[in-house]
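The chain contents come next:
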Amino acid sequence: MKKVFLLFIVLCLNFGVLSYGFTFKKQVQEAPSDPVTEQAKVFYAQNDIDNAFDILNQKAEDQRSAQDWLMLGNIMQDREKIDEAVYMFHQAINKDPKFYKAHYNLGYIYLSQNKPNMALAEFKLAVKYKPDFSYGYYNIGCAYLKLNKYSQARYNFFKAMDLRANEPNIYYNLAYIFKKQGKDKQAQTYLDLYNKMMESHEL
């Protein structure tokens, strides 16, 4: 079904929380970790968050890696304990200030809480430490959209597109921006591309 500009819902936050497999929800751990962390990752990948949480809690707080804190934050977020998740992500950043996944997850929470300026700060750190991180640029664009800063949003959606051209939501949000800027022809071009991509995904 083709989307038209009758109602607008910005297609942001669809990338979910980063953790362990580079899909929208999970991300792969780059560096090797200890057996406790590896076992917790297995449980978490199997959606057994209780066992993942229990095994990570066996480690003393000062022995936990940034990856451990990230996983604990994801578990807290899965349990809808957002304040605890924020604390865990901050702990991950304290362990490793350049840990882009923790900055991204923190930004994701802030954006979902309608705190776009705080989200922007975290997303910008995420792409600073991982310049090829398309999801970071995408959500920077979403944060700028919430602030009605269309030129900055457009720039970051294009950056995300350069890195991941097959994400339909980028095209829809670009269509919306061009529409808001009175550029109907460009808006329709991107809306048509969005609809075409969505139709191919449905096949």
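The shown structure was predicted, so the numbers you read here are calculated from the model rather than taken from an experiment.

Q: Break down the overall build of the protein chain for me, with residues and values.
A: Each helix and strand counted, the protein chain has ten helices and zero strands in total. In sequence order, the protein chain lays out its α and β elements as α-α-α-α-α-α-α-α-α-α. Looking at the protein chain as a whole, 49% of its 203 residues qualify as buried. The long-range share in the protein chain, meaning contacts at least 24 apart out of those at least 6 apart in sequence, stands at 54%. In the structure as shown, the protein chain presents an accessible area of about 10400 Å², 53% of it carried by carbon and sulfur atoms.

Q: Please provide a residue-by-residue account of the nonpolar core, values included.
A: If you look at the biggest cluster of nonpolar residues, it comprises 60 residues, and the most contacted ones within it are Ile75, Ile140, Leu145, Phe157, Ile170, Tyr171 and Tyr190. Discounting residues that sit within four places of it in the chain, Phe157 has contacts with Tyr138, Gly141, Cys142, Leu145, Ile170, Asn173, Leu174 and Ile177.

Q: Account for helix α5 (residues 100-112), with residues named and values stated.
A: With 13 residues, α5 should reach 18 Å at 1.5 Å per residue; the first-to-last C-alpha distance of 18 Å fits that figure. Burial runs high along α5: twelve of the 13 residues are buried. Along α5, the positions that sit buried rather than exposed are Tyr100, Lys101, Ala102, His103, Tyr104, Asn105, Leu106, Gly107, Tyr108, Ile109, Tyr110 and Leu111. In the stretch just after α5, Asn114 is the one whose phi turns positive, near 60°.

Each value, and the rule that gives it
- Residues numbered from 1 in each chain as written.
- Predicted model: local features only at pLDDT ≥ 70, side-chain atom pairs only at ≥ 80, totals over all residues.
- Heavy atoms only, no water.
- Helix = DSSP H or I, 4+ residues; strand = E, 2+ residues; numbered from the N terminus.
- Buried < 20%, exposed > 50% of the residue type's maximum accessible area, 1.4 Å probe, protein only.
- Contact = heavy atoms within 4.5 Å.
- Areas by Shrake-Rupley, 256 points an atom, 1.4 Å probe, with all protein chains shown as cover.
- Core = buried A, V, L, I, M, F, W, Y, C linked by side-chain atoms within 4.5 Å.
- Expected span 1.5 Å × (residues − 1).

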